[in-house]
Amino acid sequence: MVKGPQEFCPMVEMEIVSRRKAIPLDDNEGVYVRNVKTGKVRAVIGQTYIYNQDEEPYSKELPEAIEKLIADAQNPLVGREKLRDNRETKEVTRKPRDKRRVIYYQVPHNSAVQVFDYKSKVSRVIFGPDLVMLGPDEHFTQLSLSGGQPKRPNVVRTLDLSLGPDFMTDVFTVETSDHARLSLQLCYNWHFDRPEKDSPTYKRDSEALFSVPDFVGDVCKSIASRIRGAVASVPFDDFHKYSARIINEAILGKKRLHLLSCKPAEDHKYRHTDGRAVDQRTRDSLMKSVQLAIEITTNSQEATARHEAERLDQEARGKLERQKISDEAEAERARKELLELQAISAAVESTGQSKAEAQSRAESMRIE
């Protein structure tokens, strides 16, 4: 192999097999190189490189599903929104990946990606935001999570695991002890605790995040099983009246529920959003119960309003009677004062007349 820059004139016995140029690589770029003598494959990253006489480009193959996820840079939130909207998406023409280049994947914020090395049988977990570059013997761990309402397996496919906090919604059917079938819709809040890098159990805790292939399906199935068992032991009327308490005890247990009873509502990890009857008989019974409850509430409100109106009327009548008695008493006092003044006036008048008569008699006697 002759490296430039220089002039080279091959002899007649020589044959030029190939011409190779240097490949400029950035810090986040690389190529796969295989040694044709030993068969060893390695990745060259972040330097200008030229293949020597014993090396050739290596094309790294990936499963079609992982190729699509890498090309779309898909994450769990995007997959959930597409599933929720249920819209038909047009196929986008993607540029074919250069299989000789090192595969990279941008891990989103608050997410984790697991990479497994099939040669050394060792896995590593990368937390975002970060850039993952695959070695020649490494592959991504693909997650197939349940999705939809009710939950169906293998709906959401992704490479990165969101650490939350987030929520998931499930719809399932329960049956009471008197064979009334109901459809419940519940929402669960969830999140993963991110392990500390300085912790001695960091590697074990990181790998534990990917120990369950479908945590969404497992959680929904487990909680739905608990609720079905609790609802199956109570009649329909009791469940209709105390559904929140029954579901709380089924998920959290009585002891745990007592500890959470003094905490605010946002500390609870789930919420009961809806409950509907499945068969017609249960729907009719539920409708009658609702109508009866509405009628009882209406009658109670009417009775309360009627009692309040009667109370206000009696208070008004009592005030009127008290005012009437007060006015009569005031009139009697005024009449009494008038009589006293009349008596005084009569006494004064009588006294003045007697005095005048006495003075006239005295004057007449003096004249005589």
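Above this text you will find the structure in question.
Cut-offs and rules
- Residues numbered from 1 in each chain as written.
- Predicted model: local features only at pLDDT ≥ 70, side-chain atom pairs only at ≥ 80, totals over all residues.
- Heavy atoms only, no water.
- Helix = DSSP H or I, 4+ residues; strand = E, 2+ residues; numbered from the N terminus.
- Contact = heavy atoms within 4.5 Å.
- Areas by Shrake-Rupley, 256 points an atom, 1.4 Å probe, with all protein chains shown as cover.
- Disulfide = S-S within 2.5 Å.
- Phe/Tyr/Trp six-rings, centres within 6.5 Å; stacked < 30°, edge-to-face > 60°.
- Lys NZ or Arg CZ within 6 Å of the ring centre and 35° of its normal.
- Pairing = 2+ DSSP bridges.
- Salt bridge = Lys/Arg side-chain N within 4 Å of Asp/Glu carboxyl O.
- Buried < 20%, exposed > 50% of the residue type's maximum accessible area, 1.4 Å probe, protein only.
- Axes fitted to C-alpha atoms, helices over the stretch in contact; angles between N-to-C directions.

Student: Any chance you could break down the overall build of the chain for me, citing the residues and the numbers?
Tutor: A count of helical and extended segments in the chain gives eight helices and 14 strands. Looking at the chain alone, contacts between residues at least 24 apart form 60% of all its contacts between residues at least 6 apart. About 26,000 Å² of surface is accessible on the chain, with carbon and sulfur atoms providing 52% of the total.

Student: I'd like a rundown of the state of the cysteines, residues and numbers included.
Tutor: Within the structure shown, the criterion is met by zero disulfides. We note that Cys-220 lacks a disulfide partner, and the nearest cysteine sulfur, in Cys-187, lies 10.0 Å from it.

Student: Requested: an account of the packing of aromatic side chains, with residues and values cited.
Tutor: Under the counting rule described, the total for this entry stands at eight aromatic pairs. An angle of 50° between the planes, with centres 6.3 Å apart, marks the rings of Phe-127 and Tyr-202 as tilted. In this pair, Phe-127 sits in strand E6 (residues 122–127) while Tyr-202 sits in helix H3 (residues 202–208), placing the two residues 75 residues apart along the sequence. Among the aromatic residues, those joined into a ring-pair cluster are Trp-190, Phe-192 and Phe-215. Here the guanidinium or amino end of Arg-245 rests over the ring plane of Tyr-242, the centre of that ring lying 4.7 Å away.

Student: Any details on the pairing of strand E13 (residues 181–190)? Residues and values, ideally.
Tutor: Relative to E13, strand E12 (residues 166–175) is paired through ten bridges, and the arrangement is antiparallel. Each bridged residue has a counterpart across the sheet, and for Met-168 the counterpart in E13 is Tyr-188. Between E12 and E13, which pair antiparallel in sequence order, lie five residues; one of them, His-179, sits at a positive phi of approximately 65°.

Student: So what's going on with the pattern of salt bridges? Residues and values would help.
Tutor: Taken as a whole and judged by the stated rule, the model has 14 salt bridges. For Lys-37, the salt bridge goes to Asp-54, with nearest N and O atoms at 3.6 Å. Of this pair, Lys-37 sits in the loop between strand E1 (30–35) and strand E2 (41–45) while Asp-54 sits in the loop between E2 and strand E3 (55–57), and the two are 17 residues apart along the sequence. For Lys-37, a relative accessible area of 65% corresponds to the exposed category. Judged by its relative accessible area of 19%, Asp-54 is buried.

Student: Please provide a residue-by-residue account of the sheet that holds E1, values included.
Tutor: Strand order across the open sheet formed by three strands is E2-E1-E3, with antiparallel pairing between neighbours. Two strands bound the open sheet, and with one partner strand each, they are E2 and E3. This sheet shows a mean twist of 40° between the axes of neighbouring strands, independent of strand direction. Relative to E2, E1 runs antiparallel, the two being bridged by five bridges. Counted as the bridge partner of Val-31 is Val-44 from E2.

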